[in-house]
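Coordinates in review
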Amino acid sequence: MLYTAVLVACLNASGPSAPGDCRTHEMFINGGANPMSAFIEAQTRAAEWLAQHPGLAKQSLTIHAGRAA
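How each quantity is defined
- Residues numbered from 1 in each chain as written.
- Predicted model: local features only at pLDDT ≥ 70, side-chain atom pairs only at ≥ 80, totals over all residues.
- Heavy atoms only, no water.
- Helix = DSSP H or I, 4+ residues; strand = E, 2+ residues; numbered from the N terminus.
- Buried < 20%, exposed > 50% of the residue type's maximum accessible area, 1.4 Å probe, protein only.
- Contact = heavy atoms within 4.5 Å.
- Pairing = 2+ DSSP bridges.
- Axes fitted to C-alpha atoms, helices over the stretch in contact; angles between N-to-C directions.
- Core = buried A, V, L, I, M, F, W, Y, C linked by side-chain atoms within 4.5 Å.
- Expected span 1.5 Å × (residues − 1).
- Arc of directions from axis to C-beta.

A tally of regular secondary structure across the protein gives 1 helix and 3 strands. Of the regular secondary structure in the protein, the N- to C-terminal order runs β-β-α-β. Within the protein, buried positions represent 25% of all 69 residues. For the protein, the proportion of contacts with a sequence separation of at least 24, taken over those separated by at least 6, is 63%.

If you want it as structure tokens, here you go:
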């Protein structure tokens, strides 16, 4: 089954971030029939993406079945 991982990353600053300081990044995950394996893959891919975007920190990571609209 195809999943969509939605990563919200915000500027890494002390205190709460303003809405304009955050980015949303969607990744398609082929998790097979197991949503747990999809979430594990999403965590790995989110960490890789964040490593390529210094200054951003993970705010949230969610998994949705199918493609996001």
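Right, let's get into the sheet that holds strand 1 (residues 2-11). Taken together, the 3 strands give an open sheet; going across it, the order is 2-1-3, and neighbouring strands pair in antiparallel fashion. Whereas interior strands pair on both sides, the edge strands pair on one side only; in this sheet they are strand 2 (22-30) and strand 3 (56-65). Strand-to-strand, the axes of this sheet are offset by a mean angle of 20°, without reference to chain direction. Sheet topology note: the strand 1/strand 2 ladder contains 9 bridges and is antiparallel. Across the sheet, Ala-5 pairs through a bridge with Met-27, a residue of strand 2. Sheet strands in contact with helix 1 (residues 35-51) are strand 1, strand 2 and strand 3, and its direction is about 150° off that of strand 3.

By size, the foremost hydrophobic cluster in this structure holds 13 residues, and its most contacted members are Ala-5, Leu-7, Met-27, Ile-29, Trp-49, Leu-50 and Leu-61. Examining the composition of this core, we find that 5 residues originate from one element, helix 1, more than from any other. Ignoring sequence-local partners within four residues, the contact set of Ile-29 consists of Met-1, Leu-2, Tyr-3, Ala-5, Ala-38, Glu-41, Ala-42 and Arg-45.

Another aspect to go through is helix 1. In a regular helix each residue adds 1.5 Å, so 17 residues correspond to 24 Å; helix 1 covers 24 Å between its end C-alpha atoms and thus fits that length. Among all positions of helix 1, only Ala-38, Ala-42, Ala-46, Trp-49 and Leu-50 are buried. Projected down its long axis, helix 1 shows its buried positions confined to an angular sector of 100°, all on one face. Residues of helix 1 that are exposed and angled more than 90 degrees away from the buried face: Met-36 and Ala-51. The inward-facing, buried residues of helix 1 contact strand 1, strand 2 and strand 3.

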